Amino acid sequence: MAQRQADKRDFGSSDLLVDELFATTQRLRAFVDGRLREHGASVSRLRTLRVLARADGPLRMRDLADLVGNAPRTTTTIVDSLERDGLVERVRHPEDRRAFLLTLTEEGVRRHREAEELDREALAAATGTLDAAERAQLRTLLGRIRAAVGEEAATGGAED
């Protein structure tokens, strides 16, 4: 008997709806990332720039990692790249000589604005087939799923 070739869909969840949600999220991220990469940006870099741009002041690396939702090492790699490109600056923490604070440079502020516009355009293209009522309905349904899994899922179930 011939053995069937495994398909990556065979390794999804036990719920087709959940598989569709994950597949949509992955495809949407790849779509937006592709649009951003055409201009030297990425979703990960934009998220980091966005957090720094919206912060009340300079952030420690640890705080940035928490706000972006990345592992500290991943955030360090992204910040290193942004710093090499002249978009982020590290300055010594005034009270903790072991720590650095991160801020956007003028070029970082400019590139952040550009990337936000590209992100808006890509997301508008991706969701443009939904009318206002469909968008509202989808948001309601997704909110119900988030509420069902609760805060524990958002924090990874870890409590300090």
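A short tour of the structure in this document, coming up. Computed from a prediction, not measured in an experiment: that's the story for all the values here.

Quick notes on the rules
Residues numbered from 1 in each chain as written. Predicted model: local features only at pLDDT ≥ 70, side-chain atom pairs only at ≥ 80, totals over all residues. Heavy atoms only, no water. Helix = DSSP H or I, 4+ residues; strand = E, 2+ residues; numbered from the N terminus. Buried < 20%, exposed > 50% of the residue type's maximum accessible area, 1.4 Å probe, protein only. Contact = heavy atoms within 4.5 Å. Areas by Shrake-Rupley, 256 points an atom, 1.4 Å probe, with all protein chains shown as cover. Pairing = 2+ DSSP bridges. Salt bridge = Lys/Arg side-chain N within 4 Å of Asp/Glu carboxyl O. Core = buried A, V, L, I, M, F, W, Y, C linked by side-chain atoms within 4.5 Å.

### Focus on the overall build of the protein
Then, in step 1: The helix and strand tally for the protein stands at six helices and three strands.
Then, in step 2: Counting from the amino terminus, helix and strand elements in the protein follow one another as α-α-β-α-α-β-β-α-α.
Then, in step 3: Every one of the 160 residues in the protein was classed for burial, and the buried ones make up 24%.
Then, in step 4: The long-range share in the protein, meaning contacts at least 24 apart out of those at least 6 apart in sequence, stands at 48%.
Then, in step 5: Carbon and sulfur atoms provide 51% of the accessible area of the protein, an area that totals close to 12000 Å².

### Re the sheet that holds strand 3 (residues 100-104)
Then, in step 1: Here we have three strands laid out as an open sheet, ordered 1-3-2, and antiparallel in their pairing. Pairing within the sheet leaves two strands with one partner each, and these edge strands are strand 1 (59-60) and strand 2 (88-92).
Then, in step 2: As paired strands, strand 1 and strand 3 are joined by two bridges and run antiparallel to one another. Looking across to strand 3, one finds that Leu 59 is bridged to Leu 102.

### Describing the pattern of salt bridges
Then, in step 1: In total, this model carries 12 salt bridges according to the counting rule given.
Then, in step 2: The salt bridge partner of Arg 50 is Asp 119, with a shortest N-O separation of 3.2 Å. Of this pair, Arg 50 sits in helix 2 (residues 43-54) while Asp 119 sits in helix 5 (residues 106-127), placing them 69 residues apart in sequence.
Then, in step 3: Across the pair Glu 117 and Arg 120 runs a salt bridge whose closest N-O atoms are separated by 3.2 Å. Here Glu 117 pairs with Arg 120, and both are found in helix 5, just three residues apart, close to one helical turn.
Then, in step 4: Each of Glu 107, Arg 110, Arg 111 and Glu 114 takes part in salt bridges that share partners, so that together they form one network.

### Notes on the nonpolar core
Side chains that are nonpolar tend, in soluble globular proteins, to be buried together.
Then, in step 1: Counting 14 residues, the largest nonpolar core has Leu 49, Leu 52, Leu 64, Val 79, Leu 82, Val 88 and Leu 102 as the members making the most contacts within it.
Then, in step 2: Listed by contribution, the elements that provide at least two residues to this core are helix 2, helix 3 (61-68), helix 4 (72-84) and strand 3.
Then, in step 3: Beyond its immediate stretch of four places on either side in the chain, Val 79 contacts Thr 48, Met 61, Leu 64, Val 88, Arg 90 and Leu 102.
Then, in step 4: Core analysis: the next-biggest nonpolar cluster, separate from the first, contains eight residues, Val 32, Val 43, Leu 46 and Ala 122 among them.

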